[in-house]
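Next come the chains, spelled out residue by residue.
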Amino acid sequence: MNTSFVWLVACNFLLLTSGCVKVEYSKIKEPAYLRVFNNLNYVQTLGSKDNKVPFFCMFINPVVDASGMPVSAEIVGDFLDQRDAYAPPYPSHIGNSTSVNNPEYPGKENVLVGSILNGFDLSSWAQVPSGKVRIMFAYRPKNTVPFFQLESQLKKDILIDTTINLTNKEVYTLHLLQKDFVTKKTGVLLRQEIFHKLPLSDSLTYVNFYNMSAKGYWEADKSLKEDNFLLASFQGGMKDDMNIYLSLFEDQNLLSKQGPTIPGFKGKYFANVKLNTESPAVNPYSSFPIWASKSSNGITTNIWQRFDFFVPGMDITTNPYFGGSTDNGGNWVSVNCLQNGKIRMASNDNAAILPNVLVNIHSGKNNPATFATVNTIEVVNGKVYLTTIQRKYAPPIY
């Protein structure tokens, strides 16, 4: 068969199935898998009005001119905005937004991504070159002009220029962080994930926790922090060493109050988390059974989760702040993982909100079916974030 014809058919197939394909990504022969979050979540306050807007263009293996200005790169992740509170287990940003702003990388980028690795969906991780790679983050104006089309004077403000080492076929999450709240020192934290290598049970949901807040954040004056009631107890920050307690509730449709807890899961010790912006080590996963409720039928469950963070020496039974102000000096913060993360308790509650860590989705003949997940909850400078990873599941049957 004519090889030119075969090549043409292949190219047309790529264009039809994935839109505007960037051919250079197909040249990655030994890829690593990378996901990038911009955790620089500061806002303009009286104390931080001189801070630059944390909006970036990311370059992997950039080419720079004599002045150090990037002129091209092997991989470009433009319009990198502050991360969303929820990073779902699939690339939900593609096709669902009219904004160019990207809450993570790859996010909206139409690039080659990971597939199914040991049963886990890696479609939210981009394929990138393995080995030693140079990575750069440049400030850019918050507009819709692509980076390389900006005026020259707007392309020279580099925040981070460093190298990272990536191993072929390994999974990485890279965080852009503020490491010191007083000096405003920034840096990156590259974590090599291990969830796909662990012998995890299909009937347990796993969660691990990180406090990646800047040194000195929780001690800083309120005027330097975002005043946002939606952040609830987290907005003031939490102390550097916290124990985490899990409560499971029976029914997330009972929104007038928290509802009954599941026996054995009211303020159960779950994990410990310490401040860390330097070590790339993966924190241990803790788990709970998805069929903990007696009302569960083995197909679907409507339970939801609450995580309370207390300084050592305090717990649910000794909490002196319950029912009072959310300003407790960083000794207690909490988060409800409830429905889609948009529903608040009708009662006065100090908890921030995130989506349920269980995934309910149409699978096979069951609509919905409940699936266990692997989750990471990260606290950064008064905000709390959830990343959920899901196993492959059977497609729906209609």
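Counting starts from 1 at the beginning of each chain's written sequence and moves along it residue by residue. Only residues with pLDDT of at least 70 get local features here, since the model is predicted, and only at 80 or more are side-chain atom pairs given and counted; chain-wide, interface and lining totals rely on the full set of residues. Side-chain measures were taken over the full set of non-hydrogen atoms in the model, leaving aside hydrogen atoms and water.

## As for the overall build of the protein
Put simply, the test is: Strands here are runs of E lasting at least two residues and helices are runs of H or I lasting at least four, both read from the DSSP assignment and numbered beginning at the N terminus. For each residue, the accessible area found with a 1.4 Å probe, counting protein chains only, is set against the maximum for its type, and the residue is called buried under 20%, exposed over 50%, and partly exposed in between. When checking whether two residues touch, look at their non-hydrogen atoms; a contact exists if any pair is within 4.5 Å.
Looking only at helices and strands, one finds one helix and 22 strands in the protein. Looking at the protein residue by residue over its 398 residues, the buried ones come to 48%. Counted over contacts in the protein with a minimum sequence separation of 6, partners at least 24 positions apart contribute 68%.

## Section: the pairing of strand β15 (residues 286-289)
We apply this condition: Any two strands with at least two DSSP bridges between them are considered paired.
Here β15 shows one buried face, formed by Ser286 and Phe288, and one open face, formed by Ser287 and Pro289. One ladder, built from four bridges, connects strand β12 (residues 204-211) with β15; its direction is antiparallel. Opposite Leu204, over in β15, you have Pro289 as the bridge partner.

## Quick notes on the packing of aromatic side chains
Given two aromatic rings, one states the distance between the centres and the angle between the planes to describe the pair. Going by this rule: Pairing of aromatic rings covers Phe, Tyr and the six-membered ring of Trp, with a centre-to-centre limit of 6.5 Å; geometry is then stacked below 30 degrees between planes, edge-to-face above 60, and tilted otherwise. By definition here, charges over rings are those cases where NZ of Lys or CZ of Arg is within 6 Å of the ring centre and within 35 degrees of the ring normal.
Counting across every chain of the model gives 19 aromatic pairs. Taken together, a centroid distance of 5.9 Å and an interplanar angle of 85 degrees make the contact between Phe209 and Phe309 edge-to-face. One end of the pair, Phe209, is in strand β12; the other, Phe309, is in strand β16 (residues 304-310), and 100 residues separate them in sequence. For the pair formed by Phe209 and Phe309, the shared burial category is buried. Relative to Trp332, the ring of Phe310 lies with its centre 5.9 Å away and its plane at 0 degrees, an arrangement referred to as stacked. One end of the pair, Phe310, is in strand β16; the other, Trp332, is in strand β17 (residues 332-337), and 22 residues separate them in sequence. These aromatic residues form a ring-pair network of at least three members: Phe209, Phe234, Phe270, Phe307 and Phe309. In this structure, Lys142 packs its charged tip against the face of Phe55, placed 5.4 Å from the ring centre. Over the ring of Tyr217 we find Lys225, and its NZ or CZ is 4.9 Å from the ring centre.

## Description of the pattern of salt bridges
What counts here: Any Lys or Arg side-chain nitrogen located within 4 Å of an Asp or Glu carboxyl oxygen qualifies as a salt bridge.
This structure, assessed with the given rule, holds 14 salt bridges. The partner of Lys383 in a salt bridge is Glu226, and the shortest N-O contact between them spans 3.5 Å. With Lys383 in strand β22 (residues 383-390) and Glu226 in the loop between β12 and β13 (241-249), the pair connects residues that are 157 residues apart, well separated along the chain. Members of the salt-bridge network, linked through shared partners, are Arg83, Arg191, Glu193 and Glu378.

## Topic: the sheet that holds strand β3 (residues 70-80)
Note the cut-off: Angular values range over 0 to 180 degrees, each being the angle between N-to-C directions of two axes fitted as lines to C-alpha atoms, with helices fitted over their stretch in contact.
Pairing within the open sheet is antiparallel, and its four strands lie in the order β3-β2-β8-β9. The sheet terminates laterally at β3 and β9 (158-166), the two strands that pair on one side only. Strand-to-strand twist across the sheet, computed as the mean angle between neighbouring axes with direction ignored, equals 25 degrees. Summarising the sheet, strand β8 (residues 131-139) and β9 pair through eight bridges and their orientation is antiparallel. Paired with Lys132 across the two strands is Asn165, which belongs to β9.

## As for the pairing of strand β10 (residues 171-178)
The two faces of the sheet receive side chains in turn, since in a regular strand these alternate between them. Within β10, eight of the eight residues are buried, leaving the element largely enclosed by the surrounding structure. Residues Val171, Thr173, His175 and Leu177 of β10 are buried on one face, and the alternating residues Tyr172, Leu174, Leu176 and Gln178, pointing to the opposite face, are buried as well. Pairing between strand β1 (residues 31-38) and β10: six bridges, direction parallel. Bridge pairing links Arg35 to Thr173 in β10.

## Here we look at the side chain of Ser363
Test applied: Whenever two N or O atoms come within 3.5 Å, that pair is a polar contact, provided that in protein one can donate a hydrogen and the other can accept it, and provided that, for residues adjacent in sequence, both atoms are side-chain atoms.
Mapped onto the elements of the fold, Ser363 is located in strand β19 (residues 359-363). Here Ala394 takes part through its backbone oxygen, which lies 2.7 Å from a polar atom of the side chain of Ser363. Once you skip the residues sitting within four places of it in the chain, Ser363 turns out to touch Ala369, Phe371, Tyr393, Ala394, Pro395 and Pro396.

## Focus: the side chain of Arg306
Note that Arg306 resides in strand β16. Judged by its relative accessible area of 4%, Arg306 falls in the buried class.

## Points about unusual backbone geometry
Omega for the bond connecting Tyr105 with Pro106 falls within 30 degrees of zero, at 10 degrees, which places this linkage in the cis form. One can find Pro106 in the loop between β4 (86-87) and β5 (116-117). Cis geometry is adopted by the peptide bond preceding Pro368, which originates at Asn367 and carries an omega value of 5 degrees. Here the phi dihedral of Lys169 falls at roughly 70 degrees; this positive angle occurs in a residue that is not glycine. The topology assignment puts Lys169 in the loop between β9 and β10. Non-glycine residue Ala232 carries a positive phi angle of around 50 degrees. In this fold, Ala232 is placed in the loop between β12 and β13. Accessibility expressed as a relative area gives 5% for Ala232, which makes it buried.

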